[in-house]
Amino acid sequence: MAEVAGALDRLRREEERLATRTSVVNLVVVSSDPEAAERTRCAMRRLGHRHPGRTLALVLQHDQHDHIDASVELHQVQADGRTIWWEEVVLSVGGRVCRHLDSLVSPLLLHELPVVAWYPSELPARDDPLAASAQALLVDARWAGEQEGGAHRAIPALVGLSRRRVIVDLSWKRLMPWRHLLAELFEPELLRPFVEGVRSVEVTAHDGPAHLLAGWLMDRLGVPSAAITLRVTRHAAVRVVAEYRGQRATFTVARPTDARLVLARVDLDGTLHTRRLATLPEHGLSWSLAEALSHLERDPVYEHALHAALGLG
Amino acid sequence: MAPEDLAPNPLAEGLEGERRSPPLALVIFGASGDLTSRKILPALERLARRRALSPNLVVVGVARSDMDDAQFRELALKVVPDPSPAWEDLVASFRYVAGDYTDPTTFDRLGQVLADLDQGAGTAGNRLYYLATVPGLFGPVARSLARAGLSRAPREGGFARLVIEKPFGRDLASARELDGELHGAFEERQLYRIDHYLGKETVQNVLALRFANTIFEPVWNRRYVDHVQVTVAESLGVGHRGGFYETAGALRDIVQNHVMQVLGLTLMEPPATVEAKDIRDEKVKALRSIVIPAPETVAADVVRAQYDAGWVDGEYVVGYREEEDVSPDSTTETFVAMRLEVDNWRWAGVPVYVRTGKRLPKRFTEVALQFQRVPHLSFATSQSRDLLPDALVVRIQPDEGITLRFGAKVPGQAFAVRTVSMDFSYGAAFMEESPDAYERLLLDAMVGDPTLFIRSDEVDQSWRIVEPVLRAFEDDSVPLARYEAGTWGPPESDRLLARDGRRWGAF
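In every chain, residue numbers begin from 1 and rise along the written sequence. Each chain gets a letter, beginning with A, and each ligand a number, beginning with 1, in the order they are written. Local features in a predicted model are, by the rule used here, given only for residues with pLDDT of at least 70; side-chain atom pairs are given and counted only at 80 or more, and totals for whole chains, interfaces and linings are based on all residues. Hydrogens and water molecules were not included; the side-chain quantities draw on all heavy atoms of the structure.

(A) Inspection of helix α13 (residues 456-474) of chain B at higher detail. Taking 1.5 Å of rise per residue, 19 residues should cover 27 Å, and α13(B) covers 25 Å from first to last C-alpha, within 8% of that figure. In this text, helices come from DSSP runs of H or I with a minimum length of four residues, and strands from runs of E with a minimum of two, each type numbered from the N-terminal end. Backbone geometry just downstream of α13(B) places B:Asp476 in the positive-phi region, at approximately 60°. Take the residue count of a helix, subtract one, and multiply by 1.5 Å to get its expected span.

Listed below in structure tokens is the structure:
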């Protein structure tokens, strides 16, 4: 690790504005899936200028052979006339060292800054020392839901993690436009009373995010699991049917096509009452990562949604 | 159903971190004017784009121009390049009321539109009036609103607020007269006076720097600070605003408002909380502590100047008197430098130097605290020849950040000490898209957060400080100096500090 730290110092020495550096975070990415690791690096490259600091990407190769290969890159981004630097260290590790990642990471951290550990594919074990040393863990219910056992395994694991650590779920961040729009639909005085008369909820999304959305609605609206229908599809959609004083309202928030638009509408007794549109940010992963890094704190609404999702069976 | 009888929206919990406007009717007077097109509508579009507006927000334009709803909507779409779908959605609900501001029927029709919107668009009886008109109309419009019964919310729990932009008067008397007119129609708590400078992130960052850290506040006083400098430099001339500038000058245009606000935040005591009242109380206390320049000292402590032709940014520029709509024998100042004193425990004996000017070499705004020299320098003079006093500079624009200047050893065998600067660039650490000042202030007014708006007594105190200087300019007791465009002002400005053994910081 001294060699890696030395390489970083040499790169820094060559940079133009040696005397000035602004860093805000250490981001440690842990993945044994090379594709997931590459996705995270791409996201970071788009994001580096927003959260400059040091990224340590640990690509785990579960073979018997003990080895560490390292590459170090210094990135420069011009933003608003400023030059911003951020560093990326990629460590490919195999063998026994995979069980002692904290010993690799500690010497390479910018010590005065917070450490965020990102598990883009598999979730960390309960006793993972690296996870224990981080101020916050970034996870992704969608990627976790794609692993063996799907959401039925991922949700209890996330609940377990959230009891001990600050976890920030990128899927939850990406669902924000849906949550905002649905909440907005219930804002008008005329429609607010329907929150107490929800009869059925249909949620479609990837395995994982669908459970988060459904759990959120179960928790917030007091809907029993029997009233929830879950379907797995590519784009997220929510449909809530509610009744109040003999009127029936259908609240829908959906991304109907691949276009980065989410459509929200309320139909009152079969007639269109309200319609809203929201634009989704480009580069969803980079955006959700930036949002996550900007709000590294417990989110009780998310934790309650996770707990409720356990009841989905 | 009254708003307070509504069940809470359980889905909104956890989303409050993102500030959002309540349902309301935003009424823009001067809806066909320049300020509306250049600032207000683009700021609204950005708010709509990031979904900070309630779906039950409706914009109502009021102006003399003969337009209907459709034409106003067309204008709103035209002034925003690349509008988002959310903007198109919002604009579809825009309403327009054409009429003269002095005609009571204009306000009757406006009242009818607002009542309809409360019924049909769920604006909940909330009104935010934005006066994007010439200042001369502030009083008459406020009066007409009150006369039409529109200065109060029509229902319990609602609100009616009035936003006005600087200038707030031309001097102390006219500012008080304006306040009298406004207070005849609205209560002070309903008034939101905008100085867009306060909407800048880095101006607010002065508060964070001082009161969220332990390392700065202990040295932020007369024991360690030698003097304070505030510079608001502009490289532009008056452009097409010559007519306006002739009636204003740098003292009214910049010092009375922007500079005084920045000074208030820099000199104030720690507020008990960051609530609007506490912050504004402390700012007023700080402004009250600034010694009013005595007529007999104004000539010595104030520099007044006007730019002549010169070179700025590699281009030849004409002198102020050759500018469009400027009198050839104008005595309007385009540069002011002042030496102020503060009479309180924290700052007694620490001079505050202020300068602002047009056609200076570059555009920047900063507050610099220069610290006292060490009581005894242990190093040989030859080893510390270029060592400058320590300084902390808060850069407000354009390269927002903080610079700390201090001495460090030069690497090598000898023990030489040299001045270095440590630079924190605000944008490099937080590449969040900072809201533009109008966006921030507009949303603050909607949610009812008056922290960054100027209270009546702040306006009063600011005028109190500059009033004797205004009078001295008017009776020519401060001679009008001249400076070449593209320089840092007249030699008199340098002499103002040189006589105290100081100089404007090359920070």
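(B) Representation of the pattern of salt bridges within the structure. All names here are of chain B. One side-chain nitrogen of Lys or Arg within 4 Å of one carboxyl oxygen of Asp or Glu is enough to make a salt bridge. Taken as a whole and assessed by the stated rule, the structure comprises 57 salt bridges over all chains. The partner of Glu-439 in a salt bridge is Arg-50, and the shortest N-O contact between them spans 2.9 Å. Of this pair, Glu-439 sits in helix α12 (residues 437-447) while Arg-50 sits in the loop between α1 (34-49) and β2 (57-63), and the two are 389 residues apart along the sequence. The exposure class of Arg-50 is partly exposed, given its relative accessible area of 41%. Beyond isolated ion pairs, a larger network of salt bridges with shared partners links Asp-226, Asp-301, Arg-339, Glu-341, Arg-499, Asp-500 and Arg-502. For every residue, the accessible area (1.4 Å probe, protein chains only) is compared with the maximum for its type, and the residue is labelled buried under 20%, exposed over 50%, or partly exposed between those bounds.

(C) Expanded view of the sheet that holds strand β12 (residues 352-357) of chain B. All names here are of chain B. Pairing between two strands is assigned when DSSP locates at least 2 bridges connecting them. Pairing in this open sheet of nine strands is mixed, and the strands run β16-β15-β14-β13-β7-β12-β11-β8-β17 from one edge to the other. A strand with exactly one partner marks an edge of an open sheet, and here the two such strands are β16 (417-425) and β17 (480-484). In this sheet, neighbouring strand axes are inclined to one another by 20° on average, regardless of whether the strands run parallel or antiparallel. Judged from the four bridges that link them, strand β8 (residues 302-308) and strand β11 (residues 335-340) form a sheet pairing that is antiparallel. Residue pairing for β11: Val-303 is matched across the bridge by Ala-337. Its contacts with the sheet place helix α7 (residues 201-211) against β14 (391-397) and β15 (401-409), and it is angled at close to 150° to β14. Running over the sheet, helix α14 (residues 491-498) touches β7 (225-233), β8, β11, β12 and β17 and is turned about 10° from β11. An axis is simply a line fitted to the C-alpha atoms; with a helix, the fit covers only the stretch in contact. Between two such axes, the angle follows the N-to-C directions and lies from 0 to 180 degrees. We call two residues contacting when some pair of their heavy atoms lies within 4.5 Å.

(D) Looking closely at the packing of aromatic side chains. Residue and element names in this part refer to chain B. In this analysis, rings of Phe, Tyr and Trp, with Trp reduced to its six-membered ring, are considered paired at centre separations within 6.5 Å, and the interplanar angle assigns stacked below 30 degrees, edge-to-face beyond 60, and tilted for intermediate values. Using the criterion set out here, one finds 19 aromatic pairs over all chains in the structure. Plain terms: the ring middles of Phe-72 and Tyr-96 are 5.4 Å apart, the flat faces sit at 45° to each other, and that makes the pair tilted. In this pair, Phe-72 sits in helix α2 (residues 69-78) while Tyr-96 sits in strand β3 (residues 95-98), placing the two residues 24 residues apart along the sequence. As far as burial versus exposure is concerned, Phe-72 and Tyr-96 are alike and both buried. Measuring from centroid to centroid gives 6.4 Å for Tyr-129 and Phe-186, while their planes differ by 70°, and the two rings are edge-to-face. Pair noted here: Tyr-129 is in strand β4 (residues 127-131) and Phe-186 is in the loop between α6 (172-183) and β6 (191-194), with a separation of 57 residues, a long-range link. Phe-186 shares its class with Tyr-129; the two are buried. An aromatic cluster is built from Phe-29, Tyr-101, Phe-107, Tyr-129 and Phe-186, whose rings are joined through pairwise contacts.

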